[in-house]
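# Structure at a glance
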Amino acid sequence: MTTEGKEQGVIAFLEGLVGKENVSTSIFEGIKQSLDPFPYHVKRENLPLAVVLPENKLHVSEILRYANIEKVPVFVRGSGTHLGGASRAHTKGIIINTARLTNFELMEDYGFFESGPGVRVADAADTLDERGWFLPLFPGSRVIASMGGIISNNTSGHIIDAAIGKPADYVLGVEVVLPTGEIIESGTKGLRKPAGTDLTKMFVGGDGIMGVITMIRMRLVSMAKQSYGIAIYRDLKAIARAVKRMYLEKAPAPLFVEFMDHNVSTIAFQIKEMEPPPGPVLFFMAIGQDKEEADKKTAKVIEVFKKEDPVIAHQITDLEMWTKLWAAREVIGPYLIQKMHGQSTAAEVVSNLANLEEAMDETARFNEGIPYLEDLTNYMFGHIGALTMHPSFVMPSEWDDVRMQEIIKNKFKREAELNLKYGTCGGEWGQFSKRTGFFIQRYGETAYDLIKKMKAVFDPNNILNPGVLEGYR
Ligand SMILES: Cc1cc2nc3c(=O)[nH]c(=O)nc-3n(C[C@H](O)[C@H](O)[C@H](O)COP(=O)(O)OP(=O)(O)OC[C@H]3O[C@@H](n4cnc5c(N)ncnc54)[C@H](O)[C@@H]3O)c2cc1C
């Protein structure tokens, strides 16, 4: 059969399975479903054969069974917001978009909820919130990011690991369609996660390479009472010392501990019409069973933060003030992009605790020596309670694709150098795609080969998300 004949066969199969209205072969849809946050275009030759919207797990199963027999690449797409390149298809194939897999069941009797992968994180959070439950996922992208994308990454975004753990700690089980089309369920309907071997772990934080998650079962978490605090210092190193002290002096880790460098905090405060701060800002949210417990934790954290000579350090009792501060932090990225008519890129530098002060200093100089990036301002902020720093840059939109690609490559290289130096790894954007090189340097060829072998067991024809593990090298 000719290539064209085979492509027509794929499209006819998909249309027969889910209906013509749920299959698109439009070039515009192809571009939309291939783009991700990277600041360069998709290549024409990589545009998908078709974008398909399955309605249920059986559709997903039939698509994968067919693709496995016909050896057609399949890319799974939630919202395409992955910051490491995993949602950008690098070759022609089928894109399964999970947007119609939005079943959501709150099963309070059992103490869990079940969510389809296409449910938006913010929608899941709102539904739970109405009943007094808290979704322990808080990425900056939650308004658009899908539950499937987040769980495949095992990322909780801004939430501090030391406070309440990672998403995987709450996932009781998943339903998954394997690349060969078989459907499996893992885990439990009880509130005790399995001891020993549990296949859930292959998929939660599995970078989407072993199977397509079609249902996520997560334990319900009650909404805690909150209390807030702020500390403003003269320089970033003092912020690093304060956070280190928080851990060493056994202050309870707050749910969120964010920082903004002086430049970012000045802009952020301006956006919300607040007095400009005298230096970089550290702010946090502590939680407790009741308000008293939350306030007590805040007081302890403030007490520790005060030991690093802040200009200001106090509890925030005015909810409006906290809301402004939090909102200012949340909008800083989009605000800078809009104001400067540019394209943004950020890195994820994670320090170890011992060297946080040095890492903060080095991250502030992240772009030194990187062509083009070194001429731009480093806007630094991040989840410093998780020892995570995001040096961020806004690039002029008129820079061409070649330059943009070079910058992204060098950015990941510098990120890798720093995370290698501190013996850490990204805690938010997955382990492969643009980070595959880092993975090999960090954990070695033997570890990488093991993952390749495991993938081959699940996906003998390498049809599911090919290129993610290979890192497009
Ligand atoms: C403005 C902005 C802010 C962000 N803030 C944060 C942040 O604070 N913290 C953070 O960690 N990340 C953040 N991100 C990154 C991003 O939102 C996350 O990586 C998120 O997990 C991706 O979700 P998604 O639905 O867009 O997934 P996609 O990008 O569509 O997919 C990501 C990967 O998961 C796979 N996948 C998706 N669904 C499934 C499924 N059902 N089964 C198997 N594999 C699947 C895909 O194939 C792909 O490999 C941000 C991104 C943006 C653009």
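Residues numbered from 1 in each chain as written. Predicted model: local features only at pLDDT ≥ 70, side-chain atom pairs only at ≥ 80, totals over all residues.

### Here's the deal with the packing of helix H9 (residues 262–271) against helix H11 (residues 319–340)
The contact between H9 and H11 brings their axes to 9 Å, and the two run at 105°. For the element pair H9 / H11, the angle class is roughly perpendicular. Of the residues in H11, those in contact with Val 264, Ile 267, Ala 268, Phe 269 and Ile 271 of H9 are Ala 328, Arg 329, Val 331, Ile 332 and Tyr 335. (Axes fitted to C-alpha atoms, helices over the stretch in contact; angles between N-to-C directions. Helix = DSSP H or I, 4+ residues; strand = E, 2+ residues; numbered from the N terminus. Parallel < 35°, antiparallel > 145°, perpendicular 65-115°, else oblique. Contact = placed C-beta atoms within 7 Å.)

### A few points about helix H13 (residues 401–421)
Relative to the 30 Å expected for 21 residues at 1.5 Å per residue, H13 spans 30 Å between its end C-alpha atoms, a close match to the ideal helical length. Among all positions of H13, only Ile 407, Lys 411, Phe 412, Arg 414, Glu 415, Ala 416, Leu 418 and Asn 419 are buried. Packing partners of the buried residues in H13 comprise strand E14 (342–346), strand E15 (349–350), helix H12 (356–364), strand E17 (388–396) and helix H14 (436–443). Backbone geometry just after H13 places Gly 423 at a positive phi near 70°. (Expected span 1.5 Å × (residues − 1). Buried ≥ 20, exposed ≤ 12 C-beta atoms within 10 Å, placed from the backbone.)

### As for the environment of Ser 156
In this fold, Ser 156 is placed in the loop between helix H5 (147–153) and helix H6 (161–164). Once the C-alpha coordinates of Ser 156 and Lys 300 are considered, the two residues, 144 residues apart in sequence, prove to be 25 Å apart. Apart from the residues within four sequence positions on either side, Ser 156 is in contact with Pro 136, Leu 137, Phe 138, Lys 166 and Pro 167.

### Section: the sheet that holds strand E4 (residues 94–97)
Read from one edge of the open sheet, four strands run E1-E2-E4-E3, paired in mixed fashion. A single partner strand is all that each edge strand has here, and the edge strands are strand E1 (23–24) and strand E3 (74–77). Bridging between strand E2 (residues 50–52) and E4 involves three bridges; their strand directions are parallel. The residue bridging Val 52 from the neighbouring strand is Ile 96, located in E4. Against the sheet, helix H3 (residues 57–70) contacts E2, E3 and E4, and its axis sits at roughly 165° relative to E4. (Pairing = 2+ DSSP bridges.)

### A look at the site of the ligand
In the neighbourhood of the ligand, 34 residues make up the surrounding shell, with Gly 78, Gly 140, Gly 148, Gly 149 and Gly 208 lying closest. Going through the elements one at a time, E3, H5 and strand E9 (212–219) are the ones with two or more residues in the shell around the ligand. With five residues, the top contributor of residues to the shell around the ligand is H5. When its residues are assigned to classes, the shell around the ligand shows 12 nonpolar, 20 polar and two charged. (Near = placed C-beta within 6 Å. Nonpolar A, V, L, I, M, F, W, Y, C, P; charged D, E, K, R; others polar.)

### Brief notes about the nonpolar core
In terms of nonpolar packing, the biggest core is built from 59 residues, with Val 52, Val 74, Ile 94 and Ile 96 touching the most fellow members. The residues touching Val 74, leaving out its near neighbours within four places in the chain, are Ile 63, Leu 64, Ala 67, Gly 93, Ile 94, Ile 96, Ile 463 and Leu 464. In terms of nonpolar packing, the next biggest core, distinct from the first, is built from 56 residues, Phe 256, Ala 313, Ala 359 and Leu 418 among them. (Core = buried A, V, L, I, M, F, W, Y, C linked by C-beta atoms within 7 Å.)

### Side note on the pairing of strand E10 (residues 225–232)
Across the eight residues of E10, six count as buried, placing the element largely inside the fold. Examined bridge by bridge, E10 and strand E12 (residues 281–288) share eight bridges and lie antiparallel to one another. If you follow Ala 231 over to E12, its bridge partner there is Leu 282. Direction of pairing for E10 relative to strand E13 (residues 312–316): antiparallel, over a ladder of five bridges. Its bridge partner lying in E13, Ala 231 is registered against Ala 313.

### Some words on the domain arrangement of the protein
With domains assigned, the protein is organised as domain 1 (101–219) and domain 2 (225–421). Each of domain 1 and domain 2 has a C-alpha centre, and the two are 27 Å apart. Contacts between the two partners involve eight residues from domain 1, matched on the other side by 10 residues from domain 2. (Domains from an automatic or database assignment.)

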